[in-house]
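Given next are the chains, with one letter for each unit.
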Amino acid sequence: MPSAIVTGATGILGREITLELCSHPEQWDRIYTVSRSNTEDFGPRVKHAHLDLTGKPEDMARNLEGVQAEYVFFAAYLQKDSEDEATRVNGDMLASFLKALEINGVHTKIKRIILVCGAKNYGVHLGAVKIPMEETDPWMPEPPFPKNFYYRQQRILHEFCETHHTEWAVTYSTEVLGFARGNFMNLASAIGIYAAVSKELGDELVWPGSTEFYTAVTVFTDAKLHAQFCNWVALEPKAANEAFNITNGDADSWMNLWPRVAIYFGLRVPADQFSRPTPLASEKPLAPQPPLSLQADAAGLAGRTSQSFVRQRVDLQKWSQTKEVREAWKVMVEKDGLDAKALEKASWAFAGFAWGRDYSQIISMSKARKLGWTGYQDNWENLERTLGELRHSKVIP
Ligand SMILES: NC(=O)c1ccc[n+]([C@@H]2O[C@H](COP(=O)([O-])OP(=O)(O)OC[C@H]3O[C@@H](n4cnc5c(N)ncnc54)[C@H](OP(=O)(O)O)[C@@H]3O)[C@@H](O)[C@H]2O)c1
């Protein structure tokens, strides 16, 4: 039975990969987890290595002495403010880790390395994209598009696997709905805190994003489903040396989900929410040309792919710093015993961006389905379960 190394095992995606492998003792023997912190006891089959992936490969190799594995799941990630910095740091982390495996001779045993990437591969952070995004879509040229850290990571992975005759696989998830202890950098925390504070303030649940994105079409990836997918991708012979999109399976929209969020928190969505004054609104342009412009000529869209914008009707970063929100949060922390750091640490910038966009995003699941993947997750049940986990861990009341 094979063993596995999971990097980023305390993160939203890596934690679920670890739990998934643990739940299949008939498939996986020993599991080695790697991260700087260690927030959870995964049980006797899991051994943790405290490791800083930004360190020297030689130091990492020393920390990894005795670790042998046939499969590697690389889900470590360091968020950086600029694309250049994200590319340097996240590329270097992968390269140094692979070098450490080489130093220890572990590379001779490895059968497949699974790299966790995302839909930024298609430029969803830069503007309007082709619908649906498919794995065969060409990568964006850098320049004129900014550096893409997934491209650097995938090039490093391809080169390592080619040199060592090892297999690789890559996953592209979309907006992840999932939970990791002490990690507030996720969409569900932002949703939950925004709704709970709105309730504390006696407000209704006003959509903070753009008018366009409320009715646009979007997709989600459940962190648990992604973990099941990683298990499938690792062991499925036909998945070798391939990159795969992974979503819950159905498209959705916030006009469908937002009223359900309201009901979950005992609130209602105001019928006139889009005609109310917007004192905390903001607007930010994205890349001068959206990724869709690359396909404009072939798709007969020349001259029709203008710059995209992020328009927040309620700028969430500004909102989270207002006096009334901070005071309401203080009351809630005391009353409900919440984790005080959650308001400040929640990913307001990411949620504001995700909801403020003026374009749809769908990634195709055809490639994996054609190879036999049948996994599926209902979007609302995914969000509801994640909100439940946040409640249980006192991030929200
Ligand atoms: N979350 C999303 O919505 C989403 C969507 C699409 C794609 N993705 C992609 O999925 C991948 C994983 O993201 P995630 O959201 O799961 O990340 P995350 O929740 O922020 O977790 C990052 C993990 O990396 C570890 N890590 C960070 N710096 C490290 C270092 N220097 N040394 C060792 N470990 C380090 C962290 O552990 P320690 O801090 O304990 O070291 C943590 O376990 C990324 O490529 C991300 O872009 C995420």
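Here the structure is shown first, and the text comes after it.
Since the model is a prediction, treat every value here as computed from it, not as a measurement.

K.L.:
I'm lost on the packing of helix H1 (residues 12-22) against helix H7 (residues 223-235) in this one. Help?
P.N.:
Relative placement of two packed helices is described by the angle separating their axes and the distance separating the axes. Running from N to C, H1 and H7 point in directions that differ by 60 degrees, and their axes come no closer than 8 Å. Judged by the inter-axis angle, H1 sits oblique to H7. You can see that H1 and H7 cross each other, and the crossing is right-handed. Only Ala223, Lys224, His226, Ala227, Gln228, Cys230 and Asn231 of H7 make contact with H1, whose side of the interface consists of Ile12, Leu13, Glu16, Ile17, Glu20 and Leu21. By residue class, the composition of the contact of H1 with H7 is 7 nonpolar, 3 polar and 3 charged.

K.L.:
Before we go on, may I ask you to explain the site of the ligand in this structure?
P.N.:
Around the ligand, the structure places 27 residues, and the nearest of them are Thr10, Arg36, Ser37, Leu53 and Tyr150. Between the ligand and Arg36, the relevant distance is 2.7 Å, taken from an oxygen atom to a main-chain nitrogen or oxygen of the residue. The side chain of Tyr150 places a nitrogen or oxygen atom 2.6 Å from an oxygen atom of the ligand. When the free accessible area of the ligand is taken as 880 Å², the share hidden by the protein chains comes to 88%. With 3 residues, strand S5 (residues 112-118) is the single largest residue contributor to the shell around the ligand.

K.L.:
Is there a simple way to think about helix H4 (residues 149-164) in this case?
P.N.:
One turn of an α-helix holds 3.6 residues; hence residues three or four places apart share an orientation. In this model H4 runs 23 Å from its N-terminal to its C-terminal C-alpha over 16 residues, within 8% of the 22 Å that 1.5 Å per residue would give. Every buried residue of H4 is listed here: Phe149, Tyr150, Tyr151, Gln153, Gln154, Ile156, Leu157, Phe160 and Cys161. The backbone nitrogen of Tyr150 lies 3.1 Å from a side-chain oxygen of the residue at the head of H4, namely Asn148. Looking one or two residues beyond H4, the residue adopting positive phi is His165, at roughly 55 degrees.

K.L.:
What is the right way to look at the packing of aromatic side chains in this model?
P.N.:
Between two aromatic rings, the relevant description is the distance of the centres plus the angle of the planes. Applying the stated rule across the entire model yields 26 aromatic pairs. Considering the side-chain rings of Trp139 and Tyr151, the 4.3 Å spacing of their centres and the 5 degrees angle between planes classify their relative orientation as stacked. Here the residue Trp139 occupies a position in the loop between S5 and H4, and Tyr151 occupies one in helix H4, the gap between them amounting to 12 residues. In this structure Trp139 comes out as partly exposed when scored by relative accessible area, which is 30%. By relative accessible area, Tyr151 is classed as buried at 0%. A ring pair is formed by Phe149 and Tyr150, whose centres lie 4.3 Å apart and whose planes are at 50 degrees; its orientation type is tilted. Of the residues examined, Phe149 reaches a relative accessible area of 5% and is grouped as buried. Classification of Tyr150 by relative accessible area gives buried; the value is 11%. Every member of this aromatic cluster is reached through a ring pair, and the members are Tyr194, Trp207, Tyr214, Phe220, Trp254, Trp258, Phe274, Trp319, Trp348 and Trp355.

K.L.:
Teacher, can you tell me more about the nonpolar core here?
P.N.:
Soluble globular proteins tend to bury their nonpolar side chains together. In terms of nonpolar packing, the biggest core is built from 50 residues, with Ile193, Trp254 and Trp355 touching the most fellow members. Looking at this core, the elements with two or more residues in it are helix H5 (187-200), helix H6 (211-215), helix H8 (254-264), helix H10 (316-321), helix H11 (323-336), helix H12 (342-345), helix H13 (348-356) and helix H15 (379-392). Here the element with the most residues in this core is H5; it accounts for 9 residues. Sequence-distant contacts of Ile193, defined by excluding residues within four places in its chain, comprise Trp319, Trp329, Ala342, Leu343, Ala346, Trp348, Val395 and Ile396. Grouped together as the second largest cluster of nonpolar side chains are 44 residues, Leu64, Leu94, Phe160 and Tyr172 included.

K.L.:
What should I look at first to understand the environment of Ala240 in this one?
P.N.:
Relative to the helices and strands, Ala240 resides in the loop between H7 and strand S9 (242-246). What makes Ala240 buried here is its relative accessible area of 16%. Residues Ala240 and Lys111, 129 residues apart in the sequence, show an inter-C-alpha distance of 9.7 Å. Contacts of Ala240, omitting those with residues within four sequence positions, involve Arg112, Glu167 and Trp168.

Rules and cut-offs
- The residue count restarts for each chain, going from 1 along the sequence in the order it is written.
- In keeping with the predicted nature of the model, local features appear solely for residues at pLDDT of at least 70, side-chain atom pairs appear and are counted solely at 80 or more, and the whole-chain, interface and lining totals rest on all residues.
- Computation of side-chain values: all heavy atoms of the structure, hydrogens and water removed.
- For helices, the fitted line uses only the C-alpha atoms of the stretch in contact; every axis is such a line through C-alpha atoms, and the angle between N-to-C directions lies from 0 to 180 degrees.
- Under the scheme used here, helices are H or I runs from DSSP no shorter than 4 residues and strands are E runs no shorter than 2 residues, and both carry numbers assigned from the N terminus.
- Here roughly perpendicular refers to angles of 65 to 115 degrees, roughly parallel to angles under 35, roughly antiparallel to angles over 145, and oblique to all remaining angles.
- Note on convention: near helix rotated counterclockwise from far helix by under a right angle means a left-handed crossing. Clockwise means right-handed.
- We call two residues in contact whenever any of their non-hydrogen atoms come within 4.5 Å of each other.
- By the convention adopted, Pro, Cys, Tyr, Trp, Phe, Met, Ile, Leu, Val and Ala count as nonpolar, Lys, Arg, Asp and Glu as charged, and the other residues, Gly among them, as polar.
- Being near a molecule or strand, for a residue, means having at least one of its heavy atoms within 4 Å of it.
- Polar contacts, as counted here, are pairs of nitrogen or oxygen atoms within 3.5 Å of one another; within protein the pair requires one atom able to donate a hydrogen and one able to accept it, and residues that are adjacent in sequence qualify only if both atoms are side-chain atoms.
- Every accessible area reported is derived by Shrake-Rupley at a probe size of 1.4 Å, with residue values counting cover from the shown protein chains alone.
- In this scheme, a helix's expected span is set at 1.5 Å multiplied by one less than its residue total.
- Relative accessibility thresholds used throughout: buried, under 20% of the residue-type maximum; exposed, over 50%; partly exposed, between the two (1.4 Å probe, protein chains only).
- Only Phe, Tyr and Trp rings are paired, with Trp represented by its six-membered ring, and only when their centres lie within 6.5 Å; those with planes under 30 degrees apart are stacked, over 60 edge-to-face, the remainder tilted.
- Nonpolar cores were defined as sets of buried Ala, Val, Leu, Ile, Met, Phe, Trp, Tyr and Cys residues, with membership established by side-chain atoms within 4.5 Å.

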